[in-house]
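# Structural characterization, general
Chain residues, written in single-letter form:
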Amino acid sequence: MPRIVQLLASPVHRYVGRPADGPAPAPPGELVSEIHVRAGLGIVGDRYFGKPAHRDASVTVIAQESLPPGVDLSQVRRNILTEGIAVDDLVGSVLILDSGQGPVSLGVRRPANPCAWMDATIGPGAWRALRGRGGVRCAPLTDGVLRVGPVEVRIGGEVTGDRRSHPL
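To keep things clear, this report deals only with the structure shown in the data block.

Rules of the game
Residues numbered from 1 in each chain as written. Predicted model: local features only at pLDDT ≥ 70, side-chain atom pairs only at ≥ 80, totals over all residues. Heavy atoms only, no water. Helix = DSSP H or I, 4+ residues; strand = E, 2+ residues; numbered from the N terminus. Contact = heavy atoms within 4.5 Å. Areas by Shrake-Rupley, 256 points an atom, 1.4 Å probe, with all protein chains shown as cover. Pairing = 2+ DSSP bridges. Salt bridge = Lys/Arg side-chain N within 4 Å of Asp/Glu carboxyl O. Buried < 20%, exposed > 50% of the residue type's maximum accessible area, 1.4 Å probe, protein only. Polar contact = N/O pair within 3.5 Å; in protein donor to acceptor, adjacent residues only side chain to side chain.

## Points about the overall build of the protein
Scanning the protein from terminus to terminus reveals 3 helices and 12 strands. Taking all contacts inside the protein whose residues are at least 6 apart in sequence as the whole, residues at least 24 apart take part in 70%. Put simply, the protein shows about 7900 Å² of open surface, and 53% of that area lies on carbon and sulfur atoms.

Encoded structure:
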């Protein structure tokens, strides 16, 4: 069964400046057991919540199968780490996740392309290795709660121009 392995809601940007200088320290509590998603706004408490420039890409999802063993969300700075879901294949569709508190719909807008920081946080060559496997950037279409653990997954139809509605 697919599952949510890890969740991240960080109030700060850790990757600022040059990758060679290293990331800023992680704030306590950025890895959480549940997140609250708000339609059109993002994840409550996350650095991109409610930011107009990020509304169509405020939630990021990556597959654990894309990462080297031992790498987690604190290194790749995505919000949702899944297992058993080929998220990189879902651009243009609606990813519907239900971890027990009702479905949360995410419009999968575009790839979350890796950057040079991956070489600094994971190791040399990670940036190239994650190309095409860096996860996806999503617009939250519905409000809801996601938790670490087993998750029911449905894939809906194409994402429409209105981020609050989508055909299934």
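## Here's the deal with the sheet that holds strand S10 (residues 144-147)
Sheet strands associate in pairs through backbone hydrogen bonding, adopting either a parallel or an antiparallel arrangement. Pairing is antiparallel across the open sheet formed by 3 strands, whose spatial order is S4-S3-S10. Edge positions in the sheet fall to strand S4 (42-43) and S10, since each of these pairs with one other strand and no more. As paired elements, strand S3 (residues 34-38) and S4 share 2 bridges and run antiparallel to each other. Across the sheet, the residue bridging to Arg38 is Gly42, located in S4.

## Structural notes on the pattern of salt bridges
Opposite charge on two side chains makes pairing possible when the charged atoms of those side chains draw close. Per the stated rule, a full pass over the model turns up 6 salt bridges. When the shortest N-O distance is used, the salt bridge between Glu83 and Arg3 registers 3.0 Å. Remark: Arg3 occurs in strand S1 (residues 3-8) and Glu83 occurs in strand S6 (residues 80-83); sequence separation between them is 80 residues. Among the residues examined, Arg3 registers a relative accessible area of 32% and is labelled partly exposed. Its salt-bridge partner being Arg147, residue Glu34 comes within 2.8 Å of it at the nearest N-O pair. Of this pair, Glu34 sits in strand S3 while Arg147 sits in strand S10; the two residues are 113 residues apart in sequence, bridging distant segments of the chain.

## Thoughts on unusual backbone geometry
Phi at Arg77 is positive, roughly 60°, even though this residue is not glycine. Inspection of the secondary structure puts Arg77 in the loop between helix H1 (73-76) and S6. On the accessibility criterion, Arg77 (8% relative accessible area) is buried.

## Points about the environment of Glu34
For Glu34, a relative accessible area of 27% puts it in the partly exposed group. The spatial distance from the C-alpha of Glu34 to the C-alpha of Leu146 is 5.5 Å, given a sequence separation of 112 residues. Those residues in contact with Glu34 that lie beyond four places of it in its chain are Leu7, Val145, Leu146 and Arg147. Polar side-chain contacts of Glu34 include one of 3.1 Å to the side chain of His36.

## Considering the side chain of Thr60
As for its placement among the helices and strands, Thr60 is situated in strand S5 (residues 59-63). For Thr60, a relative accessible area of 9% translates into the label buried. Among the polar contacts listed, one links the side chain of Thr60 to the backbone nitrogen of Asn79, at a separation of 2.9 Å. With near-sequence residues (within four places) excluded, Thr60 lies in contact with Arg77, Arg78, Asn79, Ile80, Val136 and Arg137.

## Brief notes about the pairing of S1
For S1, the tally of buried residues reaches 5 of 6 residues, placing the bulk of the element in the interior. Of the pairings in the sheet, the one linking S1 to S6 comprises 4 bridges and is antiparallel in character. Within S6, the residue paired with Arg3 across the bridge is Glu83. By the bridge criterion, 2 bridges tie S1 to strand S11 (residues 149-150) in an arrangement that is antiparallel. Bridge pairing in S11 links Ile4 to Gly149. Sheet topology places S1 next to strand S2 (residues 31-32); 2 bridges connect them, and they run antiparallel. Bridging across to S2, Leu8 finds its partner in Leu31.

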